[in-house]
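Chain residues, written in single-letter form:
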Amino acid sequence: MANVAIIGAQWGDEGKGKVVDWLASRADIVVRFQGGHNAGHTLVVGNQTYKLSLLPSGIVRGKLGIIGNGVVLDPDALLSEIEKVRAQGLDVGPHNLRIAENTPLILPLHPAIDKAREAARGESKIGTTGRGIGPAYEDKVARRAIRLCDLAEPETLSAKLDELLLHHNTLLKGLGAETFEKQDLLDRLLALAPKLLPFSEAVWERLDEARHSNKRVMFEGAQAVMLDVDHGTYPFVTSSNTVAGNAAAGAGIGPHQIGTVLGIAKAYTTRVGSGPFPTELFDDVGKRLGERGREFGTVTGRPRRCGWFDACLVRQAVKVGGVQGLALTKLDVLDGLTELKICTRYRIDGEVVKRLPAAAGAQAKAEPIYEVLEGWSQSTQGARSWAELPANAIKYVKRIEELVEAPVTLLSTSPERDDTILVSDPFAD
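Criteria and thresholds
Along each chain, numbering runs from 1 in the same order as the chain's sequence is written. Only residues with pLDDT of 70 or above have their local features reported here, since the model is predicted, and side-chain atom pairs are shown and tallied only from 80 upward, although totals for entire chains, interfaces and linings are computed over all residues. Heavy atoms from the whole structure form the basis of all side-chain values; hydrogens and water molecules are not counted. Here a strand is any run of E in DSSP of at least two residues, a helix any run of H or I of at least four, and the numbering for each starts at the N terminus. Radius of gyration means the value over C-alpha atoms here, while the globule rule gives 2.2 Å times the residue count to the 0.38 power. Between buried and exposed lies partly exposed: a residue is buried under 20% and exposed over 50% of the maximum accessible area for its type, with that area taken using a 1.4 Å probe on protein chains only. Here, residues are in contact when the closest pair of their heavy atoms is within 4.5 Å. Each accessible area is a Shrake-Rupley estimate made with a 1.4 Å probe; only the visible protein chains count as cover when residues are assessed. His is not counted here, nor are the chain ends, while Lys and Arg score as positive and Asp and Glu score as negative. Just so you know, the charge point we use is NZ for Lys, CZ for Arg, CG for Asp and CD for Glu. Only strands that DSSP links by at least two bridges are regarded as paired with each other. UniProt positions are given in the numbering used here, feature names are shortened, and annotations may be inferred rather than shown by experiment. The criterion is simple. A nonpolar core is a set of buried Ala, Val, Leu, Ile, Met, Phe, Trp, Tyr and Cys residues joined through side-chain atoms within 4.5 Å. Boundaries between domains were set according to an automatic or database domain assignment. Multiplying one less than the number of residues by 1.5 Å gives the expected span of a helix. Take the accessible area each of two parts loses on contact, using a 1.4 Å probe, and add the two losses: that sum is the buried area. Here a salt bridge means any side-chain nitrogen of Lys or Arg lying within 4 Å of a carboxyl oxygen belonging to Asp or Glu. Contacts described as polar in this section are N or O atom pairs within 3.5 Å, which, within protein, must combine one atom able to donate a hydrogen with one able to accept it, while residues neighboring in sequence count only if both atoms come from side chains. All residues other than Ala, Val, Leu, Ile, Met, Phe, Trp, Tyr, Cys, Pro, Asp, Glu, Lys and Arg, Gly among them, are scored as polar; the first ten of these are nonpolar and the last four charged. Lines fitted to the C-alpha atoms define the axes, with helices restricted to the stretch that makes contact. Angles between their N-to-C directions range from 0 to 180 degrees. The cut-offs work like this: below 35 degrees is roughly parallel, past 145 is roughly antiparallel, 65 to 115 is roughly perpendicular, and the gaps in between are oblique. Left-handed is the label given to a crossing in which the near helix is rotated counterclockwise from the far helix by less than a right angle, and right-handed is the label when the rotation is clockwise.

From N to C terminus, the chain includes 12 helices and 18 strands. Taken over C-alpha atoms, the radius of gyration comes to 22 Å for the chain, in line with the 22 Å a tight globule of 429 residues would show. By principal-axis analysis of the C-alpha atoms, the chain measures approximately 65 × 50 × 40 Å. Within the chain, buried positions represent 57% of all 429 residues. Within the chain, residue pairs in contact and separated by at least 24 positions form 75% of the contacts whose partners lie at least 6 positions apart. Surface summary for the chain: the accessible area is close to 17400 Å², and the carbon and sulfur share equals 49%. With 51 positive and 54 negative side-chain charges, the chain shows a separation of 2 Å between the mean positions of the two kinds.

Right, dumping it as structure tokens:
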């Protein structure tokens, strides 16, 4: 059985949507294993553009989609997304979408406390999407989360709401925010039960059956390694583990079933929200990257910060994320630049290092040390073979391979699904 896990190798928004869509055509099952509706994947298929936040990308290709227990699920967001893609002609229902019965739910109180805490932080805010992802994960590890399976047990649901509200209403009141009434939440959840429970199952059993049937499974990550709650630029991170190792825990499989790990990286670097960004550009080049790359968040619409490719960052993601091959996207955005820069090391308090340290103060002080490469004037947009690429574009890609210590196994040259150069097949046994 050949499985593939796909994760981001920078700060997210690397174009994973296109890559997972491109690979989903070869998979039987696509599994989301972490994150929530703060993640967004854009898929361009013919004249249709699908913007997905919770639905596994394989749904677009008629594959079985699974939302794993590592995800925190907002029921309203999911049902809204299903209706939206149905309006675009996609058939989505319990026959092709399954949700782990032990998946924690995001309730209305979670975004409320998320926004109240961000407001209280003032200028020190983390830059969350305000969708309640972090508070929902907090409830999970504090053992007070309401899970999908609880919707089938009204008595369990009622008892859990008592504990949940004792905690959250105390916090909301302290932050000067509006509190929640138990009966309102209970009625809301009981009304959602018949809409959500038909999707619920023990997905670990289905994935075990898939293993015995030699089916191909693709594990679809959200966000990226540098937003990992352990390995990212803490505290400016997401609330889950985004590395490939979490595909096992977040889906209910053994680690040996994860398969080949493909890391997605842009040919430059972007970041949404607050936090360190050593190669960020504030000049016309940065503005050009943002405009040509259409750098706006899929979910939030926020403009992304843009900068040169950071090889130190991606090398680090390769090591801790378990990346075996790199999918490089948006090479065409660099077309026409006379020179390109790649960050190969940092200078921190006079010391030269090739990794981004864990301490927040040191991260903020990191100054990039660049290697300059010659750009190209020809267009790479739509190229589907190495022979169609300018020589300097090939040199750029090869230098990235050397610096991050991982081969580029796939190269994307436009948002279109088939504008892809495949170097080696990640699904190969």
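Another point: the sheet that holds strand S5 (residues 64-67). If you trace the 10 strands from one edge of the open sheet to the other, you get S7-S6-S5-S2-S8-S1-S9-S13-S17-S18, paired in mixed fashion. Two strands lie at the open edges of the sheet, namely strand S7 (200-201) and strand S18 (420-422), each paired on one side alone. Bridge count for strand S13 (residues 325-329) against strand S17 (residues 408-412) is three bridges, and the pairing is parallel. Bridge pairing in S17 places Leu-328 opposite Leu-411.

In terms of burial, S13 is a largely internal element, five of the five residues being buried. Judged from the five bridges that link them, strand S9 (residues 260-266) and S13 form a sheet pairing that is parallel. Bridge pairing in S13 places Gly-263 opposite Leu-326.

In the numbering adopted here, UniProt assigns the feature "active site" (unreviewed entry) to Asp-13, His-41 and Lys-140. On the basis of their most widely separated C-alpha atoms, the annotated residues across 128 residues do not gather in one place, lying as much as 26.1 Å apart. Locating Asp-13 in the fold gives a position in the loop between strand S1 (4-8) and helix H1 (16-24). Each residue touching Asp-13, except ones within four places of it in the same chain, is listed here: Lys-266, Thr-270, Val-272 and Arg-304. Residue position: His-41 is located in strand S3 (residues 41-45).

Counting 71 residues, the largest nonpolar core has Phe-309 and Tyr-396 as its most contacted members. Three or more residues apiece are contributed to this core by two domains, here domain 1 (3-100 + 200-261) and domain 3 (265-422). Core analysis: the next-biggest nonpolar cluster, separate from the first, contains 36 residues, Leu-79, Leu-109, Ile-146 and Leu-189 among them.

When the terminal C-alpha atoms of helix H12 (residues 391-404) are compared, their 20 Å separation across 14 residues agrees well with the 20 Å that a helix rising 1.5 Å per residue should span. Listed in full, the buried residues belonging to H12 are Asn-392, Ala-393, Tyr-396, Val-397, Ile-400, Glu-401, Leu-403 and Val-404. Tucked into the core, H12 has its buried residues touching strand S12 (309-310), helix H10 (311-321), S13, strand S14 (339-348), strand S16 (367-374) and S17. Backbone geometry just downstream of H12 places Glu-405 in the positive-phi region, at approximately 65°.

Next up on the list: the environment of Arg-294. In this structure, Arg-294 sits in the loop between helix H9 (284-292) and strand S11 (305-307). Sequence separation between Arg-294 and Arg-304 is 10 residues; the distance between their C-alpha atoms is 9.0 Å.

Let's shift gears to the domain arrangement of the chain. Segmenting the chain into domains produces domain 1 (3-100 + 200-261), domain 2 (108-197) and domain 3 (265-422). Distance between the C-alpha centres of domain 1 and domain 3: 24 Å. In this complex, domain 1 contributes 36 residues to the contact, which on the side of domain 3 involves 43 residues. A combined buried area of about 3000 Å² lies between domain 1 and domain 3, and 61% of that area is made up of carbon and sulfur atoms. Broken down residue by residue, the surface that domain 1 buries against domain 3 is led by Trp-11, Lys-18 and Trp-22, which jointly contribute 25%. Of the charged contacts in the structure, one is a salt bridge between Arg-304 and Asp-13, with a shortest N-O distance of 3.3 Å. Seen at the junction of domain 1 and domain 3, the total is nine residue pairs in polar contact (both at pLDDT 80 or more). Elements with a contribution of two residues or more to the side of domain 1 that touches domain 3: H1, S3 and S9. The element best represented in the side of domain 1 that touches domain 3 is H1, accounting for four residues. A breakdown of the residues in the side of domain 1 that touches domain 3 according to their chemical character gives 15 nonpolar, 15 polar and six charged.

So, about the packing of helix H3 (residues 109-121) against helix H5 (residues 154-174). Between H3 and H5, whose axes approach to 10 Å, the crossing angle comes to 30°. Between H3 and H5, the crossing angle belongs to the class labelled roughly parallel. Crossing hand, H3 versus H5: left-handed. Here H3 contributes Leu-109, His-110, Ala-112 and Ile-113 to the contact with H5, which in turn contributes Leu-164, Leu-165, His-168, Leu-171 and Leu-172. Broken down by class, the residue content of the contact of H3 with H5 amounts to seven nonpolar, two polar and no charged.

Under the definition given, this model contains 24 salt bridges. Across the salt bridge formed by Asp-76 and Arg-188, the nearest N and O atoms sit 2.8 Å from each other. A residue pair is termed long-range when its members are at least 10 positions apart, and Asp-76 in helix H2 (residues 75-87) and Arg-188 in helix H6 (residues 182-196) qualify at 112 residues. Classification of Asp-76 as partly exposed rests on a relative accessible area of 36%. A relative accessible area of 41% places Arg-188 in the partly exposed class. One salt bridge connects Glu-295 with Lys-266, and the closest N-O pair in it is separated by 2.8 Å. One end of the pair, Glu-295, is in the loop between H9 and S11; the other, Lys-266, is in strand S9, and 29 residues separate them in sequence. When sorted by exposure, Glu-295 lands in the same class as Lys-266, which is buried. Several salt bridges share partner residues, and in doing so they unite Asp-13, Lys-266, Glu-295, Arg-304 and Lys-330 into one network.

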